[in-house]
Amino acid sequence: MQKQLPGKQEAKLGTLNDRPAGNIICGQGMNLIFVGAEVGPWSKTGGLGDVLGGLPPAMAAKGHRVMTVSPRYDQYKDAWDTNVLVEVWGKTGSKIYGPRAGMDYLDNQLRFGLLCQAALEAPRVLNLNNSEYFSGPYGEDVVFIANDWHTALLPCYLKTMYKPRGIYKSAKVAFCIHNIAYQGRFAFSDFSLLNLPDQFKGSFDFIDGYEKPVKGRKMNWMKAGILESDRVLTVSPYYAQELVSGIEKGVELDNIIRKTGITGIVNGMDIQEWNPASDKYIDIKYDATTIMDAKPLLKALQADVGLPVDRNIPLIGFIGRLEEQKGSDILAAAIPKFIGEDVRIVVLGTGKKPMEKQIEQLEIMYPNKARGVAEFNVPLAHMIIAGANFMLVPSRFEPCGLIQLHAMRYGTVPLCASTGGLVDTVKCDAVDPADVNAIATTVKRALATYGTPALKEMIQNCMAQDLSWKGPARLWEKMLLGLEVSGSEPGIEGEEISPLAKENVAAP
Ligand code: ADP
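A quick note: this is a predicted structure, and the numbers were derived from the prediction, not measured.

When helices and strands are counted, the protein chain shows 17 helices and 14 strands. Buried residues in the protein chain amount to 53% of all 508 residues. If you take every contact in the protein chain between residues at least 6 apart in sequence, the share linking residues at least 24 apart comes to 75%. Split by element, the accessible area of the protein chain, about 22,000 Å² in all, is 52% carbon and sulfur.

Before going further, it helps to spend a moment on the environment of Leu126. On the secondary structure map, Leu126 appears in the loop between helix H2 (108-125) and strand S3 (142-147). When its relative accessible area of 26% is taken as the criterion, Leu126 is described as partly exposed. A sequence separation of 43 residues divides Leu126 from Asn83, and the C-alpha atoms of the two residues are 9.2 Å apart. With residues up to four places along the chain from it excluded, the contact list for Leu126 reads Met67, Thr82 and Val84.

A separate point is the site of the ligand. Looking at the ligand, there are 19 residues lining it, with Gly47, Asp50, Arg321, Lys326 and Glu375 nearest. Here Gly47 contributes a backbone N or O atom positioned 2.5 Å from an oxygen atom of the ligand. A distance of 2.6 Å is found between an oxygen atom of the ligand and a side-chain nitrogen or oxygen belonging to Asp50. Out of a free accessible area of 570 Å², the ligand has 93% covered by protein chains. At the level of secondary structure, the elements contributing two or more residues to the shell around the ligand comprise helix H1 (47-61), helix H13 (378-387) and helix H14 (402-409). Per-element tally for the shell around the ligand: the top contributor is H14, with three residues. Grouping the constituent residues of the shell around the ligand by class yields seven nonpolar, seven polar and five charged.

Counting across every chain of the model gives ten aromatic pairs. Their ring planes at 80 degrees and their centres at 6.2 Å tell us that Trp274 and Tyr410 sit as a pair that is edge-to-face. In this pair, Trp274 sits in the loop between strand S9 (263-264) and helix H8 (291-298) while Tyr410 sits in the loop between H14 and strand S14 (413-416), placing the two residues 136 residues apart along the sequence. The exposure class assigned to Trp274 is buried, which follows from its relative accessible area of 4%. Cluster of aromatic residues (ring-pair linked, three or more members): Phe112, Trp149, Phe186 and Trp221. Sitting above the plane of the Tyr105 ring, Arg111 keeps its charged end 3.5 Å from the centroid. The residue whose ring lies beneath Arg217 is Phe188, and the NZ or CZ to ring-centre distance is 3.8 Å.

This part is about the sheet that holds strand S10 (residues 315-319). Taken together, five strands build an open sheet; the order of strands is S12-S11-S10-S13-S14 and the sheet is parallel. Where the open sheet ends on each side, the last strands, each with one partner, are strand S12 (370-373) and S14. Shown here is a sheet whose adjacent strand axes are inclined to one another by a mean of 20 degrees, direction ignored. Here S10 runs beside strand S11 (residues 344-348); their pairing, made up of five bridges, is parallel. Across the sheet, residue Phe318 finds its bridge partner in S11, namely Val347. In this fold helix H15 (residues 436-448) packs onto S10, strand S13 (390-393) and S14, with an angle of close to 170 degrees to the strand it touches most, S13.

Of the two faces of S14, the one lined by Val413 and Leu415 and the one lined by Pro414 and Cys416 are each fully buried. With four bridges connecting them, S13 and S14 associate as parallel partners. By the bridge assignment, Leu392 is partnered in S14 with Leu415. One crossover worth recording links S13 to the parallel S14 by way of H14, and it is right-handed.

With that settled, the discussion passes to H15. An ideal rise of 1.5 Å per residue puts 18 Å on 13 residues; H15 measures up with 19 Å between its terminal C-alpha atoms. Restricting attention to buried positions, one finds in H15 the residues Val436, Ala438, Ile439, Ala440, Thr442, Val443, Ala446 and Leu447. By the N-cap criterion, in which a side-chain oxygen at the helix start approaches the backbone nitrogen of a residue two or three places on, H15 is capped by Asp435, the distance to Asn437 being 3.2 Å.

Another aspect to go through is the nonpolar core. Counting residues in each nonpolar core, the largest one holds 146 residues, and the members touching the most others are Phe144, Phe204, Trp221, Phe338, Trp476 and Leu480. If we skip the residues at most four places from it in the chain, Leu480 touches Met30, Leu32, Met59, Val143, Ile145 and Ala174.

In this section: the confidence of the model for the protein chain. Residues with a pLDDT of 70 or more make up 85% of the protein chain, whose mean pLDDT is 87. Below pLDDT 50 for its whole length, residues 7-27 participates in 56 contacts with residues either more than four positions away or in separate chains.

Omega for the bond connecting Gly40 with Pro41 falls within 30 degrees of zero, at 5 degrees, which places this linkage in the cis form. Among the structural elements, Pro41 can be located in the loop between strand S1 (31-35) and H1. The omega torsion of the bond from Lys212 to Pro213 falls at -5 degrees, within 30 degrees of zero and hence cis. Notably, Asn195 is not glycine yet its phi reads approximately 65 degrees, a positive angle. Even without being a glycine, Val251 presents a positive backbone phi close to 40 degrees. Tracing the backbone through its elements, the reader meets Val251 in the loop between helix H6 (237-243) and helix H7 (254-260).

Further remarks concern the pattern of salt bridges. According to the stated counting rule, one finds 17 salt bridges in the structure shown. The salt bridge partner of Arg185 is Asp208, with a shortest N-O separation of 2.7 Å. Of this pair, Arg185 sits in strand S5 (residues 185-187) while Asp208 sits in the loop between strand S6 (205-207) and strand S7 (217-220), placing them 23 residues apart in sequence. Take Arg185 and Asp208: they sit in the same class, and that class is buried. Connected via shared salt-bridge partners are Arg185, Asp208, Lys218 and Glu252.

Rules of the game
Residues numbered from 1 in each chain as written. Predicted model: local features only at pLDDT ≥ 70, side-chain atom pairs only at ≥ 80, totals over all residues. Heavy atoms only, no water. Helix = DSSP H or I, 4+ residues; strand = E, 2+ residues; numbered from the N terminus. Buried < 20%, exposed > 50% of the residue type's maximum accessible area, 1.4 Å probe, protein only. Contact = heavy atoms within 4.5 Å. Areas by Shrake-Rupley, 256 points an atom, 1.4 Å probe, with all protein chains shown as cover. Near = heavy atom within 4 Å. Polar contact = N/O pair within 3.5 Å; in protein donor to acceptor, adjacent residues only side chain to side chain. Nonpolar A, V, L, I, M, F, W, Y, C, P; charged D, E, K, R; others polar. Phe/Tyr/Trp six-rings, centres within 6.5 Å; stacked < 30°, edge-to-face > 60°. Lys NZ or Arg CZ within 6 Å of the ring centre and 35° of its normal. Pairing = 2+ DSSP bridges. Axes fitted to C-alpha atoms, helices over the stretch in contact; angles between N-to-C directions. Right-handed = clockwise from strand over helix to strand, strands pointing away. Expected span 1.5 Å × (residues − 1). Core = buried A, V, L, I, M, F, W, Y, C linked by side-chain atoms within 4.5 Å. pLDDT = per-residue confidence, 0-100. Salt bridge = Lys/Arg side-chain N within 4 Å of Asp/Glu carboxyl O.

Listed below in structure tokens is the structure:
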């Protein structure tokens, strides 16, 4: 039996207090509005939440004015009402999210349509007049950064509901693809639900060979987001290449993206949340100079998941959504092929129920060697990243892959099947993800380096990388300035901070 794990309840939902304070200087800069279905630390199911929790503060740190618009799911502890009600499409003042989690809402099209309209209204209607909390109205010269299919209607509404009325005349939309596998494909007959004129039908029109959600002609939200935005981006240069490489990696939108073009900017990571020298979830803090002493002590993690503690044994970690993309089935098939070695493995993930069952079986199959925890548990994720020596990432494809970035910062060497956003300087074993034997062989080779100078060197290489948002934010700025929205100016070259910008402070 495993011990009571830390932080199960607070796992998904952070609060503002999780962020350290910092000062922010507002230059002229740009007016940016990020829009997405999740935003860390408040709501997160994966990398999208991390990016929307990290990139906007990094842009604010460069002196740009930044707002992030995301659904107000019921659970936030520190949410407060703006008392601003806007009539969009006949729904006013009703809260549309409940405590239920884990399944798609049947009316997601309506919900995400409302999110897009809310994002378009927010800068116009929120009371941001000069005060203790705000630095003045936003104005209309803004850049919207729409993220993934949930926000694809934003450029369409901008074009039909605002620009023709002389509003947001010079505003532009950048559309960022975090994962092309999720496109928002619906029955074409649902087009009438979107409140858009027929001229947009072509942008949504899509035929595929699948019978879900309906046979034949469909609407594809992501396709429309790509076509109707002013610039298309994605989360790594490598993924940008993959998206245009063909039908398989571009998941049937490759031809569309080839037309519009796409820019890949690698994600950064939140170097304050993920900092081994100050991580609140780990007992032993460390840096590149103390890691070799700290790692054995951090193996107390084994006790936390119910394994016997051995401070000298190499430990492998896996964290991720349990589904085909992440290769959790490959992991399950590979474990028997290397578990005979002197090794322990801890797996953390939620997702498809059969795969959750599969990882929970590890305890029964390998009681002294392996544990699987089917929870979304942020504290445990930190403890695994810190306590493991190797992080196994057997993903079939990886747009960027924050797990391996987090791992590197903690001197935990990633063993990856897909390149994603990995920086070239870190040597990483890329193998054919479907090849279970190759994954097992890679693990064995990695285990053979345990305790050798070669591993020490790899650890130091990993920890020496600048994985922060600072570099990516510079590239994002350049790209967004290129949209030439009136009044846009470069920001300042500051230190990366996770700032409590005035606007981020919860009002009394
Ligand atoms: P993706 O965005 O495809 O899910 P990434 O590797 O880019 O994958 O990001 C995953 C993020 O979600 C990381 O911050 C990781 O720590 C977190 N995460 C995934 N599964 C869990 C889990 N079961 N418990 C806690 N955190 C998790």
